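Structure assessment
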Protein chains: 2
Amino acid sequence: MKKTVLREYARLIVRSGVNVQKGQEVIVYADLDQPEFVAMVVDEAYKAKAKKVTVEWDYQPLEKLHSRYQSVSTMGKVEDWVAARQEHYCQVLPCRIHLISEDPDGLKGVRTDKIAKARQMRYPILKPYLERRENREQWCIAAVPGVAWAKKLFPELSRNQAVEKLWEAILYTSRVDADPVKAWEEHNARLKARCDYLNSLRIASLHYRADNGTDLTVGMMPEGRFCGGGEKSLQGIFFNPNIPTEECFVSPKRGLAEGIVYATKPLSYQGQLIENFYIRFEKGRAVEAVAEKGQEALTTMISMDEGAAYLGECALVPEDSPIAQSGILFYNTLFDENAACHLALGNGYADTIDNFENRTLEECRALGLNDSMIHVDFMIGCKTMDIDAITEDGKTVPIFRKGTWAF
Amino acid sequence: MKKTVLREYARLIVRSGVNVQKGQEVIVYADLDQPEFVAMVVDEAYKAKAKKVTVEWDYQPLEKLHSRYQSVSTMGKVEDWVAARQEHYCQVLPCRIHLISEDPDGLKGVRTDKIAKARQMRYPILKPYLERRENREQWCIAAVPGVAWAKKLFPELSRNQAVEKLWEAILYTSRVDADPVKAWEEHNARLKARCDYLNSLRIASLHYRADNGTDLTVGMMPEGRFCGGGEKSLQGIFFNPNIPTEECFVSPKRGLAEGIVYATKPLSYQGQLIENFYIRFEKGRAVEAVAEKGQEALTTMISMDEGAAYLGECALVPEDSPIAQSGILFYNTLFDENAACHLALGNGYADTIDNFENRTLEECRALGLNDSMIHVDFMIGCKTMDIDAITEDGKTVPIFRKGTWAF
C-alpha cells in the first residue's frame with residue numbers, strides 16, 4: 001500500500017479517531033504485524049502535540065504459551081505495579097488506540113477455561129479503575145492487516161497479495177479517500193440524523209424477525225437513546241471510537257428480552273471461532289445458547305459473570321453498508337458488526353442513557369443498564385430481517401424491512 | 001535457519017544463559033526482528049518451569065520519534081508505576097534475557113543531548129533499585145539477526161541471505177553445535193583456568209602497547225580478581241551473562257590510568273557509531289577523547305556523570321578467538337568486544353572484587369571500584385598488542401604478545 005495513503009489513514013485515526021489534544025498521553029496497542037504503520041501513527045500523534053506516546057505490543061503466539069503454561073493464579077493476579085499503572089491512567093486519561101490485526105482463530109486450542117477464570121480473578125481489582133475512566137477517555141479501534149488474518153479471508157492469494165487486498169478493504173470501508181477527515185464529518189452527520197429520528201419515536205421495544213427463525217423482542221429504557229458515529233467524552237472532547245462504524249446503537253433494558261435469535265455470521269471470541277449458533281432469551285436472560293462449532297467458547301462466554309447472559313447493546317446496521325457491499329466476511333467484529341444488525345451480550349454503554357453526564361454509573365444501572373466484564377457483539381442481520389418499533393404510546397413503526405432502513 | 005538449530009540456541013540461552021529456576025519469573029527484552037525465535041525462548045523458559053515469562057518489545061524507529069518529540073522532562077520522568085515495577089523486580093528477582101538485534105546506527109541523527117539529560121534525570125531514581133538487585137539476578141545477553149544489522153555487515157547480499165549469514169555467524173560464535181550446553185561447560189573451564197593463572201600473579205598494573213600509538217598503564221586493586229565465562233549470583237545460581245563470551249576481565253582501580261589508547265574498532269553507542277578515536281588518561285581520568293566520526297556521541301558519553309570518564313573494566317581477549325577468526329566486524333559490542341582486548345568506561349563490576357559476597361557496594365567503591373550510570377566497552381586490541389603485568393612484588397610478566405596470550 002502507498003505510504004501517502006497509509007499516512008492519511010494514520011492521521012485519520014489520530015485526528016478523527018481519538019482526537020489527540022495538546023499535551024495528552026497516547027497509548028497504542030498493536031500486534032507485531034505492521035510496525036511501520038504503527039510508527040506512522042505514533043508520528044502523527046506527536047504531530048498532534050501528544051506529550052508522550054507508548055506502544056504496547058502484542059503477539060498472539062505468546063498468549064497461547066502463557067495460557068498453556070501459567071497457573072490460573074499467576075494469570076489472574078494483578079501485581080501492585082499494574083494497579084499503580086491503572087491509577088496513572090486514571091490520573092492522566094490517555095488516548096487509547098487499538099490497532100487490531102489478529103488471526104481470527106489464532107488462539108484455537110487454548111485453555112479458554114483458564115483464561116476465563118483468570119479474567120474473573122482480575123476483573124474485581126481492575127473494575128474500579130475502569131469505571132473511574134468510563135466515558136472520560138478518548139479511544140479508537142481501527143484495523144491493520146495481519147498475514148494470518150489476510151490469508152483467512154483470501155486463501156487463494158499469496159501472503160503479500162492477501163495483505164494488500166486486506167489493506168484495500170480496510171481503507172475502503174474506513175472511508176480513507178481524498179479527504180477522509182471531511183468524509184467522516186459527513187458520515188457522522190448522516191448517522192446522527194438517523195439517531196435523531198429513532199429517538200423521536202420514543203421506542204418501548206424492538207421486534208426482530210427473519211426467515212431463519214429469529215423472533216425476538218427487546219425492551220428499551222425510557223431514558224435510552226440511540227447513538228452513532230462520533231461521541232463526546234465527559235471531558236468534552238469529540239472522538240470516533242470505531243473506524244469504521246455504520247451502526248445506530250442503544251443499550252436495552254436488562255430483563256426485557258423474549259424469544260430466539262439466530263447468528264448470521266461467525267463470531268471470533270478471544271481467538272476462537274463460534275459458528276452457526278442461536279440464543280434463546282427469557283426475561284432478558286440467555287437461557288439456551290447452542291453452536292454448531294465453538295460451543296465451549298460460547299458457553300464460557302455467557303457464563304463469565306451474571307451480566308454476561310444479558311444484553312448490553314442493540315445495533316442497527318443496513319445490509320447495504322459499505323462493509324456489507326464489499327462482500328467480504330472479515331471474521332472480525334469491528335468489520336462484521338458494521339455489515340449487519342447485531343446484539344451484544346454483556347456490559348451496556350452508559351453514554352446511551354439520556355443526560356448520562358449528570359448520572360452516576362450506579363444510577364444508570366438502576367435504570368436497567370446491564371453490568372458485566374464482557375461486551376461481545378454477535379451478528380443477527382440478514383436480507384430478510386424486518387424490525388418494528390413498538391412505541392411508548394403503543395404504535396408499531398417499521399424500522400427495518402428486508403435488511404435495511406424502512407425510513 | 002533450521003528450526004531444530006534455533007531451538008538448541010533458545011534452550012542454551014534459557015538453560016546455560018540465565019539458568020531459569022523452577023518458579024522464577026523471566027523477562028525477555030527483544031526487538032521486533034525475530035518474533036518466532038522469541039516465542040521459542042519463551043517456550044523453553046516455561047519448559048524450564050518458569051512461573052511467568054514477559055516479553056518487552058522494542059522498536060528502534062519509535063526511539064527516534066520519542067527523542068525527537070518528547071520534552072526532556074517527559075523523557076526523564078520515572079512514573080510511580082514504573083518505580084512500583086522496579087520494586088516488584090527487587091522482590092521477585094526475575095531472570096532477564098536481552099535478545100539484541102538492533103541496527104548499529106539505527107538512531108543516527110537523534111538528539112543525543114536530550115537522551116543523555118533524560119537518562120541523568122532518571123538514574124538517581126532508578127539507582128537504588130538497580131543496586132539492590134546487583135549481582136542477585138541472573139541475566140544473559142544474546143543476539144538474533146535484524147535485517148538492518150545484517151545488511152550493514154553483508155551489504156552485497158539480499159535481505160534474506162544477509163539475515164541467514166548473520167544467523168550462521170551468531171550460532172557459530174555462540175558455540176551452538178551438537179551439544180552446546182556441554183561446549184559451554186568446557187569453554188567456561190578454559191576461561192576459568194586462564195583467570196586462575198592471572199589471579200595467581202597478583203597484578204598491580206597492566207601496561208598496554210601497540211604500534212598504533214597505544215601506550216597505557218592501568219592500576220589494579222589488590223582485591224581485584226579476573227573473571228570470565230559463567231558466574232554465580234548472590235543467590236548461588238550459576239549463569240552465563242554473555243553469549244558469546246571470550247574475555248577474562250577485571251575492574252581496575254579508579255584513578256590509576258596513565259597514557260593514551262587508540263580504539264581499533266568502531267563503537268556503536270546508543271545507536272550512533274563512533275569511529276577512529278583515541279582517549280588519553282591522566283590520574284585515571286579521560287582528559288582527551290577525539291573521534292574522526294561521532295565526536296558528539298563520544299563527548300556526551302564520557303560526560304554522563306563523574307564516573308563516566310574513569311575506567312570500569314579491563315578485558316583480555318586474544319586475536320584468535322572464534323569471533324576474531326570469523327573475520328566479521330559486527331558493529332555490535334557483544335561480538336566485537338569478544339574479538340579484541342577492550343576497556344570499559346564507567347561502572348565497575350563489584351563481583352570482580354575478592355569476597356564481594358561479604359562486602360557492600362559502598363565498601364567495594366571505597367576500595368577503588370568505579371561508580372557510573374554508564375558502562376561502555378571499546379575495543380583496543382590488535383595484532384601488534386603487547387601487554388605486560390607488573391606484579392605487586394615488582395616483576396614484569398608478559399601477558400599478551402602480538403595480540404594473543406603469552407602464556
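This text follows the structure it describes.
If you're wondering where the values come from, they're calculated on a predicted model, not measured in any experiment.

Examining the state of the cysteines
All names here are of chain A. Summed over all chains, the structure comprises zero disulfides over all chains. For the unlinked cysteine Cys314, the closest cysteine sulfur is that of Cys341, found at 9.7 Å. Cys227 provides the cysteine sulfur closest to Cys364, a residue in no disulfide bond, and the two sulfurs are 12 Å apart.

Brief notes about the nonpolar core
Ranked by internal contacts, the top residues of the largest apolar core, which has 116 residues, are Tyr9 and Phe37 of chain A together with Tyr9 and Phe37 of chain B. Not counting residues up to four positions away in its chain, the partners in contact with Tyr9 of chain B are Phe37, Ala142, Ala143, Trp167, Ile170, Leu171, Ser174, Val176 and Ile243 of chain B.

A word on the packing of aromatic side chains
A full pass over the atoms with the stated rule returns 29 aromatic pairs over all chains. Arranged with centres 5.7 Å apart and planes meeting at 75°, the rings of Phe249 of chain A and Tyr349 of chain A form a pair that is edge-to-face. Here Tyr349 of chain A lies in the loop between strand S15 (342-346) and helix H13 (361-367) and Phe249 of chain A lies in strand S9 (residues 248-250), a separation of 100 residues in the sequence. Summarising the aromatic geometry, the rings of Tyr262 of chain B and Tyr278 of chain B are spaced 5.3 Å apart at their centres and angled 40° between planes, so their arrangement reads as tilted. With a gap of 16 residues between them, Tyr262 of chain B in strand S10 (residues 257-262) and Tyr278 of chain B in strand S12 (residues 272-282) connect regions that are remote in the sequence. For Tyr262 of chain B, a relative accessible area of 25% gives the class partly exposed. Taking NZ or CZ as reference, Lys152 of chain A lies 4.7 Å from the ring centre of Tyr331 of chain A, over its face. Over the ring of Tyr310 of chain B we find Arg254 of chain B, and its NZ or CZ is 4.1 Å from the ring centre.

A word on helix H3 (residues 60-69) of chain A
When H3 of chain A is considered as a whole, its buried residues turn out to be Gln60, Leu62, Leu65, His66 and Ser67 of chain A. Where H3 of chain A is buried, its residues touch strand S1 (25-31), strand S2 (52-58), helix H4 (72-76) and helix H6 (112-133) of chain A together with helix H2 (35-47) and strand S2 (52-58) of chain B.

Quick word on the interface of chain A and chain B
If you look at the interface, chain A gives 27 residues, while chain B gives 27 residues. The contact between chain A and chain B buries some 2,700 Å² in all, and 68% of this surface belongs to carbon and sulfur atoms. One can count zero salt bridges joining chain A with chain B. Put simply, the parts of the chain that give the side of chain A that touches chain B at least two residues each are helix H2 (35-47), S2, H3 and helix H5 (80-92) of chain A.

Here's the deal with the pattern of salt bridges
In total, this model carries 49 salt bridges over all chains according to the counting rule given. The closest approach of N and O atoms between Arg7 of chain B and Asp43 of chain B, which form a salt bridge, is 2.9 Å. Here Asp43 of chain B lies in helix H2 and Arg7 of chain B lies in helix H1 (residues 3-18), a separation of 36 residues in the sequence. Its salt-bridge partner being Glu392 of chain B, residue Arg202 of chain B comes within 3.2 Å of it at the nearest N-O pair. You can see Arg202 of chain B sitting in the loop between helix H9 (180-200) and strand S5 (203-209) and its partner Glu392 of chain B sitting in the loop between strand S17 (386-391) and strand S18 (396-401), a full 190 residues away along the chain. Judged by relative accessible area, Glu392 of chain B falls into the partly exposed class, the value being 40%. Counted as one network, the salt bridges with shared partners bring together Arg7, Arg11, Asp43, Glu44 and Lys47 of chain A.

A short note on the sheet that holds S15 of chain A
Residue and element names in this part refer to chain A. As summarised here, the arrangement of the four strands in space is S9-S14-S15-S16, forming an open sheet in which the pairing is antiparallel. Among the strands making up the open sheet, the edge pair consists of S9 and strand S16 (375-379). For this sheet, the mean inter-axis angle between neighbouring strands, taken without regard to orientation, is 20°. Bridge count for strand S14 (residues 311-316) against S15 is four bridges, and the pairing is antiparallel.

Here we look at the relation of the copies chain A and chain B
By a simple turn and slide, chain A fits onto chain B: the slide is 0.0 Å along the axis, the RMSD is 0.0 Å, and the turn is 180°. Given the turn and translation reported, the copies of this chain are related as if by a two-fold rotation axis. If distances are taken from each C-alpha of chain A to the rotation axis, the shortest is found for Trp81 of chain A, at 2.6 Å. The fraction of interface residues of chain A whose copies in chain B are also interface residues reaches 100%, indicating that both copies meet through the same surface.

Here we look at the pairing of strand S10 (residues 257-262) of chain A
Residues and elements named next belong to chain A. In this structure, strand S6 (residues 215-219) lies alongside S10, joined through four bridges in antiparallel fashion. Paired with Thr217 across the bridge in S10 is Glu258. Relative to strand S12 (residues 272-282), S10 runs antiparallel, the two being bridged by four bridges. Bridge pairing links Ile260 to Arg280 in S12.

Reading the values: the criteria
- Residues numbered from 1 in each chain as written.
- Chains lettered and ligands numbered in written order.
- Predicted model: local features only at pLDDT ≥ 70, side-chain atom pairs only at ≥ 80, totals over all residues.
- Heavy atoms only, no water.
- Disulfide = S-S within 2.5 Å.
- Core = buried A, V, L, I, M, F, W, Y, C linked by side-chain atoms within 4.5 Å.
- Buried < 20%, exposed > 50% of the residue type's maximum accessible area, 1.4 Å probe, protein only.
- Contact = heavy atoms within 4.5 Å.
- Phe/Tyr/Trp six-rings, centres within 6.5 Å; stacked < 30°, edge-to-face > 60°.
- Helix = DSSP H or I, 4+ residues; strand = E, 2+ residues; numbered from the N terminus.
- Lys NZ or Arg CZ within 6 Å of the ring centre and 35° of its normal.
- Buried area = accessible area lost by both parts, 1.4 Å probe.
- Salt bridge = Lys/Arg side-chain N within 4 Å of Asp/Glu carboxyl O.
- Pairing = 2+ DSSP bridges.
- Axes fitted to C-alpha atoms, helices over the stretch in contact; angles between N-to-C directions.
- Least-squares fit on C-alpha atoms with pLDDT ≥ 70 in both.

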